Amino acid sequence: MKLTDLDYARQLDREDPLRDFRQRFHIPTNAAGEPVLYLCGNSLGLQPRGVTDALQAELEKWARLGVDGHFAEPNPWYSYHEIFNEPMASVVGARPEEVVVMNSLTTNLHLLMVSFYRPTPQRYKILIEGGAFPSDLYAVQSQARVHGFEPDDAIVELFPRQGEKTLRQEDIEAAIAREGDALALVLFGGVNYYTGQLFDMGAITEAGHRVGALVGFDLAHAAGNVPLKLHQWGPDFAAWCSYKYLNSGPGGVAGVFVHERHLGRADIPRFEGWWGTDPSTRFEMGPRFQPQAGAGAWQLSNAPVLPMAALKASLELFCEAGMQALHQKSARLTGYLHELVTSIGAGAFEVITPAEPEARGCQLSILASGDGELLHQRLMEADVICDYRRPNVIRVAPTPLYNTFEEVWRFWKILEESVS
Ligand SMILES: *Cc1c(COP(=O)(O)O)cnc(C)c1O
């Protein structure tokens, strides 16, 4: 059987140990009620069927008990966020006390920079990947301004070499060494949202620390997508959203990592609120902030239980499937997509995501040679859900929990027709 045979794809599906997880998601449908080809889990993950029950349980608790829901078993609201420490830690390769689920991503980036971007007149620069997600850029620019620096001077954006689409690791390390004593913070994406390039976070962390800078990662496109070992790699902090690969629903509650070496330190400034205090004394309502031991000390407000219920239902699937099995399937699925898509000739497009499996996750970014918007339009007319990002890229991301090899095959067929 050839790679390009439909039967080959179907065989891969039959051999897929995770194939049954698809049934545990709502798959969007077209006007005729047939499932669409959803390849947009990098933007908004699909809804796990378990979300309804998880939400319903908290709505009922609220209806039945009112304020007493804060302490009613199971899953009292008072400590609801603590449910996530273990599963989130396993998603990002951290210790449970290094992780907390709170707020949204950009909010958390700011809260973490309050603690970990402490510029001085000599050491004040932030290195960020060129073409970072705009919110991250706005966040670092405004942080620089808050501290009295000019963003044009303080923010160093590192772009790929002329004629190249992705960054070379050696160039990242060279830029860090070049900025040296002036560098206060390296803030990089784990996976770039536009190119799908996965960075070597361990090596970037090491390079940053070597020059005395702190290092943080935005894992919006990495969490739930690629293998992560945050504790071992040792960045100072990380933040990520949960509505992309982690399927927690629009605006879902975000995650934060603070490395163990910073936990319990009294000399790190922080914006503080009552939810960051030690839960055993919180309701004494004392006048002094008593931080909890872990990353939870960065929490401000009581936890939004309803969106967290959706996240709970979703993370249960990740735990059940196991991160290793997910990554294995993901590498096969995207590898298959890569082989098929790059077999389409005629220079209609270029896949700008790195070809090496260890330098990417689920997503492939297809740079159209002609009118990318028109190509995207054609794909949408064929019931493919993927997205278009300016200037000219179509992003497709088969995810291991709910996408199939047959869907990848069908996408390839549709793409081939759409470019011809
Ligand atoms: C999706 C994404 C965001 C979105 O930020 P929110 O605060 O969740 O709206 C920010 N940064 C990156 C890198 C992203 O991929």
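In this text the structure is predicted, and so the values were computed from the model without any measurement.

Let's talk about the environment of Ser135
Then step 1. Mapped onto the secondary structure, Ser135 falls in helix H5 (residues 134-146).
Then step 2. Between the alpha carbons of Ser135 and Leu198 there is a distance of 19 Å; along the sequence they are 63 residues apart.
Then step 3. Only 2.8 Å separates the side chain of Ser135 from the side chain of Thr106, close enough to count as a polar contact.

Describing the site of the ligand
Then step 1. The full set of residues close to the ligand is Leu105, Thr106, Phe133, Asp136, Asp218, Ala220, His221, Tyr243 and Lys244.
Then step 2. Here a nitrogen atom of the ligand and a side-chain polar atom of Asp136 are 2.6 Å apart.
Then step 3. Between an oxygen atom of the ligand and a side-chain N or O atom of Lys244, the distance comes to 2.5 Å.
Then step 4. Its free accessible area being 390 Å², the ligand has 83% of it covered by the protein chains.
Then step 5. Residue composition of the shell around the ligand, by class: 4 nonpolar, 2 polar and 3 charged.

Digging into the UniProt feature "binding site: pyridoxal 5'-phosphate" (unreviewed entry) in the protein chain
Then step 1. Within this numbering scheme, the UniProt entry marks Leu105, Thr106, Phe133, Pro134, Ser135, Asp136, Asp218, His221, Tyr243, Trp274 and Asn302 as carrying the feature "binding site: pyridoxal 5'-phosphate" (unreviewed entry). Of the residues just listed, which span 198 residues, the most distant C-alpha pair is 31.2 Å apart, and they do not cluster in one region.
Then step 2. Note that Pro134 resides in helix H5.
Then step 3. Taking relative accessible area as the criterion, Pro134 reaches 32% and is therefore assigned partly exposed.
Then step 4. Inspection of the secondary structure puts Asp218 in strand S6 (residues 214-218).
Then step 5. Setting aside its immediate chain neighbours within four residues, Asp218 contacts Leu105, Leu109, Asp136, Phe188, Gly189, Gly190 and Ala239.

A look at the nonpolar core
Then step 1. Membership of the largest hydrophobic core comes to 68 residues, with the highest contact counts inside it found for Val92, Leu127, Ile176, Phe188, Leu219, Trp240 and Leu401.
Then step 2. Among the elements that take part in this core, helix H10 (residues 305-321) stands out by supplying 10 residues, more than any other.
Then step 3. Looking at which domains feed residues into this core, each of domain 1 (6-35 + 322-419) and domain 2 (56-318) gives three or more.
Then step 4. Residues within four places of Phe188 in sequence aside, it is in contact with Leu127, Ile128, Glu129, Leu167, Ile172, Phe199, Ile204, Gly216, Phe217 and Asp218.

Each value, and the rule that gives it
- Residues numbered from 1 in each chain as written.
- Predicted model: local features only at pLDDT ≥ 70, side-chain atom pairs only at ≥ 80, totals over all residues.
- Heavy atoms only, no water.
- Helix = DSSP H or I, 4+ residues; strand = E, 2+ residues; numbered from the N terminus.
- Polar contact = N/O pair within 3.5 Å; in protein donor to acceptor, adjacent residues only side chain to side chain.
- Near = heavy atom within 4 Å.
- Areas by Shrake-Rupley, 256 points an atom, 1.4 Å probe, with all protein chains shown as cover.
- Nonpolar A, V, L, I, M, F, W, Y, C, P; charged D, E, K, R; others polar.
- UniProt positions renumbered as here; feature names shortened; annotations may be inferred.
- Buried < 20%, exposed > 50% of the residue type's maximum accessible area, 1.4 Å probe, protein only.
- Contact = heavy atoms within 4.5 Å.
- Core = buried A, V, L, I, M, F, W, Y, C linked by side-chain atoms within 4.5 Å.
- Domains from an automatic or database assignment.

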